Structure formats: C-alpha cells, structure tokens
Amino acid sequence: MASPTAVGFRLTAATGTHRGDRAYQQDQVAVIAHPRVAGCVMGIVADGMGGKSGGRKAADQVILTAQQLFERYSPEDELPAELLSQIAAEAHLMIKLTAISAEEEPHSTIAGFVITSDRCAHWIHSGDSRIYWFRGARLVKRSMDHSYVQRLVDEGQLTEAEASSHPQSNLLTACLGTVQDPTSTSERFEGLEVGDTLMCCSDGLWHYFTAQELGSVLYSLPPREAAELLVSKARQRARGGGDNLSIAIVKLENLD
C-alpha cells in the first residue's frame, strides 16, 4: 500500500503474519489508510491469548474496534492520542463482554500507531507486542514491554539478552481483557523524516531479532520484502518451536 500526501512524502506499507508452529492463529494485524485524509495511516497488532478460540476472538475485537473508530476519526478535529486511548478502552470492554458470554478467558495485547500528515507519530501499547521507530537503520525508540522480565530489566536484575531467554518471558503485567482496567502506554513524536520507519509486531517476531538486525532489514528493503524476510527468518530461527507472529510496517519515502 502506498499513500501520497500533501507535504512531500508518501507512506508505503505492508503486513505479514504466520501461524508459526502453533495449532491456531491468534495474532491479528492491519495497516489502515484513513478514508478521507491523505498521509494519515494506522498500523496495529493484536496478540490474542485464551484457549483455542478465545485468543483469536480477543485479537479480532482489537482490530475491528480500531477499524471502526479510525473510519470515524476526524484528524482535523480530534487528537490521535485520544483515538488510540479510545481504541484500547473499547476493545478492552468488548473483550470482557466476550468472556462473559462465551465463558472463556480471552485477552489480547495491543500495539498501534498513527502517522499523521504533519509528520507526527502517536502510539499506544499494552502487553509485550512492540512498536519500533527507526531513522534509516538506526533505532530511535521502541516501546517497553508490560512484562515481568521487562520489570526485571528496568530494575537492573536482568540484561536484555538474559531477558530474551528467561523462562518467564511470556508473563505479562498488562494486557486487554483483564479484570482490572488495562495499563497502556502512549507517546507522541514529532518531526518524522523521509527514511523513517514505524513497525509494530508481536513477540513471536521480535523475540528472534536484535534492534540492529531489524533496522538493517527495514532500511535496506521495501516494506513488503522486509516483512517477508523477517517472517521467514523468524520461522527459521524458531527451529520448530515458534509462536504466532505478525508485523506491520509503514515507511516514509520520497515522492518520485
């Protein structure tokens, strides 16, 4: 997908997903161009949890909520941060209602960003699906997981390398659909430049790469080829034990 804008750049995007070595696909991913405003795009990933069908229902609800609210979103009159907070809150509520009606325990992460035509980015996340912002091949910033091992890293008890192989690396401290209102983190960034890339992905993908590897691939390849390569390499590195994985990439490019 390519979306021309009125301010001298275009957005090129791609998504990728794979069931991995799991019996069921519980990840969902989307890149959505705003229906009325050029240069306004949303990328979103949801990693569902909760049994055979519960996790998929939860992830589906995140994507459906995002699609519906982004369709109605007016960039001229509304703040992206409020849109993203509303998506997280409404998806959380709908997942809890699904749990009541289906007697399941569905949960989902969320990692979503909006790029606006004035070259700003806004993101929100809850759980351990991540968002990365690269300038060329260099990591500018990434989201910090709501997880037990991230807390240990923050406290200086683990290194990033140790955290990736920790036996409790999948233990979350926040996600959507829990009894408590979810913890979510939102941020805003100005001054996106041509050559910048925003990417969100589930832990089934980022677990197998360093930030340097991700940046190199995203810088050197167009989004579609980058998504295909990263999914393929993650599957290879999983050695038959891989989780569901999903990725959404949006890259700012010159108009030519």
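Before any of the text, the structure's been laid out above.
Presented here is a report on the structure given in the accompanying data block. (Residues numbered from 1 in each chain as written. Predicted model: local features only at pLDDT ≥ 70, side-chain atom pairs only at ≥ 80, totals over all residues. Heavy atoms only, no water.)

1. Topic: unusual backbone geometry
One can expect most non-glycine residues to show negative phi and most peptide bonds to be in trans.
Then, in step 1: Look at R119: it is not a glycine, yet its phi comes out positive at around 65°.
Then, in step 2: Positionally, R119 belongs in the loop between β6 (110-115) and β7 (121-126).
Then, in step 3: Notably, R239 is not glycine yet its phi reads approximately 55°, a positive angle.
Then, in step 4: Relative to the helices and strands, R239 is located in the loop between α7 (223-238) and β12 (245-254). (Helix = DSSP H or I, 4+ residues; strand = E, 2+ residues; numbered from the N terminus.)

2. Some words on the pairing of strand β4 (residues 41-49)
Then, in step 1: Buried residues dominate β4, accounting for eight of its nine residues.
Then, in step 2: Where strand β3 (residues 27-33) and β4 come together, seven bridges link them in antiparallel fashion. Paired with A30 across the strands is I44, a residue of β4.
Then, in step 3: Summarising the sheet, β4 and β6 pair through five bridges and their orientation is antiparallel. Bridged to V45 within β6 is A111.
Then, in step 4: Bridge count for β4 against strand β5 (residues 107-108) is two bridges, and the pairing is antiparallel. Bridged to G48 within β5 is S108. (Buried < 20%, exposed > 50% of the residue type's maximum accessible area, 1.4 Å probe, protein only. Pairing = 2+ DSSP bridges.)

3. A look at the environment of R19
Then, in step 1: Tracing the chain through its elements places R19 in the loop between β2 (9-18) and β3.
Then, in step 2: Classification of R19 as partly exposed rests on a relative accessible area of 46%.
Then, in step 3: Between the C-alpha atom of R19 and that of S246, which follows or precedes it by 227 residues, the distance is 8.7 Å.
Then, in step 4: Ignoring any residue separated from it by four or fewer positions in sequence, one finds R19 in contact with Y24, Q25, D243 and N244.
Then, in step 5: At 3.0 Å, the side chain of R19 forms a polar contact with the backbone oxygen of R22. (Contact = heavy atoms within 4.5 Å. Polar contact = N/O pair within 3.5 Å; in protein donor to acceptor, adjacent residues only side chain to side chain.)

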